[in-house]
Amino acid sequence: MTLLAEKWDRSESATIRIYGDNCETVADESENSTSINMVELEIKPSELDTKDVKSECFLESDGCIAIEAVHTMENNPVEGGEYIEIKGYGKTVGGMKVFPTTASFEDDKNAPSLVYRVFASAVGEYRCDIYTSASNPVIYQGKMQIKIGANLDEAIFVNTIPDVDYVPWKSDSWSKGVLDQIHIATCKLNLKKGVNELKIFAVDPAVVIEKLVLWNPGVEPRKSYLGPQESIRIN
């Protein structure tokens with residue numbers, strides 16, 4: 001990676017060529033008419049000052065920070081409950097759910113929490129997409145809330161299912177959650193340039209958190225079925 005950095009001329013895009021004996025693509029022929037096994041990768045390089053980055057930190061790339069919920073930096077249990085990883089659950093690698101399954105929490109200080117560290121390339125209001133399993137509230141037409149905050153900001157309530165017209169077995173929003181096997185709730189978080197810490201607090205029962213995706217305010221969020229792949233994490 002150091003060699004690549006030395007040869008990068010700070011252009012917005014660059015091409016990396018990887019040569020090998022067993023590459024899948026035969027791209028062209030050399031001057032002596034023998035084939036060359038080569039793979040070309042088109043990339044958009046960026047430069048991040050990571051000298052102050054601590055371990056377990058996810059780096060922003062191409063305007064996005066994607067985190068698998070099971071890759072938490074801290075998992076803080078309380079006397080009344082704790083987040084436990086459900087391996088292989090959901091669309092990707094797993095999910096985080098509070099047990100016992102009926103536990104609910106009204107106060108941040110007495111609620112189990114998850115902490116994630118991220119590196120933002122800019123200061124601003126980032127959009128945060130929270131991917132949760134297609135579960136139903138334990139109370140009919142109830143809510144499935146968590147709280148989330150960044151750095152020292154007060155954590156905000158986020159209902160992981162639609163606030164309006166969500167009726168199990170009857171509404172279009174419920175049907176979409178079942179067919180897609182995911183709920184995606186959105187909120188805004190103020191991040192500083194550099195290292196930030198996100199903290200999620202449990203509120204309502206039955207919420208299984210699968211993924212977090214943060215979008216830089218300067219980019220248009222990209223749509224996809226599974227969401228972006230997990231960002232690079234410094235261990």
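Residues numbered from 1 in each chain as written. Predicted model: local features only at pLDDT ≥ 70, side-chain atom pairs only at ≥ 80, totals over all residues. Heavy atoms only, no water.

Novice: Before we move on, can you summarise the overall build of the chain with the specific residues and values?
Specialist: Assigned secondary structure in the chain consists of two helices and 16 strands. Counting all 235 residues of the chain, 39% fall into the buried class. Considering only intrachain contacts with a sequence separation of at least 6, the fraction spanning at least 24 residues in the chain is 74%. Element-wise, carbon and sulfur atoms account for 49% of the exposed surface of the chain, whose accessible area totals about 14000 Å². (Helix = DSSP H or I, 4+ residues; strand = E, 2+ residues; numbered from the N terminus. Buried < 20%, exposed > 50% of the residue type's maximum accessible area, 1.4 Å probe, protein only. Contact = heavy atoms within 4.5 Å. Areas by Shrake-Rupley, 256 points an atom, 1.4 Å probe, with all protein chains shown as cover.)

Novice: How would you sum up the environment of Thr-15? Please name residues and give values.
Specialist: Turning to its location among the elements, Thr-15 is positioned in strand S1 (residues 14-19). As for Thr-15 and Leu-41, which are separated by 26 residues in sequence, their C-alpha atoms are 5.6 Å apart.

Novice: Summarise the packing of aromatic side chains; cite the residues concerned and give the values.
Specialist: For the structure shown, the criterion picks out zero aromatic pairs. If you follow Lys-147 out to its NZ or CZ, it ends over the ring of Phe-157, 4.6 Å from the centre. (Phe/Tyr/Trp six-rings, centres within 6.5 Å; stacked < 30°, edge-to-face > 60°. Lys NZ or Arg CZ within 6 Å of the ring centre and 35° of its normal.)

Novice: Describe the side chain of Asn-216, naming the residues involved and giving the relevant values.
Specialist: Here Asn-216 lies in the loop between strand S15 (208-215) and strand S16 (233-234). Within the structure, Asn-216 has its side chain in polar contact with the side chain of Tyr-126 (distance 3.2 Å). Aside from chain neighbours lying at most four places away, what touches Asn-216 is Glu-60, Gly-63, Ser-121, Ala-122 and Tyr-126. (Polar contact = N/O pair within 3.5 Å; in protein donor to acceptor, adjacent residues only side chain to side chain.)

Novice: An account of the side chain of Gln-145 is needed here, citing residue identities and associated values.
Specialist: Structurally, the position occupied by Gln-145 is in strand S11 (residues 145-150). Among all residues touching Gln-145, those that are not within four sequence positions of it are Phe-157, Val-158, Asn-159, Val-203, Asp-204 and Val-207.

Novice: Just give me the short version of the environment of Glu-82, but keep the residues and values in it.
Specialist: In this fold, Glu-82 is placed in strand S7 (residues 82-87). Take Glu-82: its relative accessible area is 37%, and that puts it in the partly exposed class. The spacing of Glu-82 and Met-96 is 14 residues in sequence and 9.6 Å in space, taken between C-alpha atoms. Contacts of Glu-82, omitting those with residues within four sequence positions, involve Pro-77, Lys-97, Val-98, Phe-99 and Pro-112.

Novice: Account for the confidence of the model for the chain, with residues named and values stated.
Specialist: In this model, the chain carries an average pLDDT of 86, and 84% of its residues clear a pLDDT of 70 or more. Below pLDDT 50 for its whole length, residues 24-28 participates in 10 contacts with residues either more than four positions away or in separate chains. (pLDDT = per-residue confidence, 0-100.)

Novice: Account for the pattern of salt bridges, with residues named and values stated.
Specialist: This structure, assessed with the given rule, holds seven salt bridges. The shortest N-O distance in the salt bridge between Arg-233 and Glu-56 comes to 3.2 Å. With Arg-233 in strand S16 and Glu-56 in the loop between strand S3 (35-43) and strand S4 (57-59), this pair connects stretches of sequence that are 177 residues apart. The residue Arg-127 makes a salt bridge to Asp-129 at a minimum N-O spacing of 2.9 Å. Taking the relative accessible area as the measure of exposure, Arg-127 reaches 30% and is therefore partly exposed. Looking at Asp-129, the relative accessible area reads 4%, which means it is buried. (Salt bridge = Lys/Arg side-chain N within 4 Å of Asp/Glu carboxyl O.)

Novice: I'd love a proper account of the pairing of S15, names of residues and values included.
Specialist: Burial runs high along S15: eight of the eight residues are buried. In terms of strand pairing, strand S5 (residues 64-68) meets S15 through five bridges, oriented antiparallel. Paired with Ile-65 across the strands is Leu-214, a residue of S15. Where strand S10 (residues 124-132) meets S15, six bridges bridge the pair, whose relative direction is antiparallel. The partner of Tyr-131 across the bridge, within S15, is Lys-211. (Pairing = 2+ DSSP bridges.)

Novice: Outline the state of the cysteines, listing residues and values.
Specialist: The tally for this structure, following the rule as stated, stands at zero disulfides. Of all cysteine sulfurs in the structure, the one in Cys-187 sits closest to Cys-128, which takes part in no disulfide; the separation is 4.4 Å. Residue classification places Cys-187 among the buried positions, given a relative accessible area of 8%. (Disulfide = S-S within 2.5 Å.)

Novice: Give me the nonpolar core: which residues, what numbers.
Specialist: In terms of nonpolar packing, the biggest core is built from 40 residues, with Ile-130, Leu-189, Leu-191, Ile-209 and Leu-214 touching the most fellow members. If you list the elements that add at least two residues to this core, you get S5, strand S8 (94-99), strand S9 (113-120), S10, S11, strand S13 (183-191), strand S14 (194-202) and S15. Among the nonpolar cores identified, the runner-up in size contains six residues, and Cys-64, Ala-66, Tyr-131 and Val-213 belong to it. (Core = buried A, V, L, I, M, F, W, Y, C linked by side-chain atoms within 4.5 Å.)

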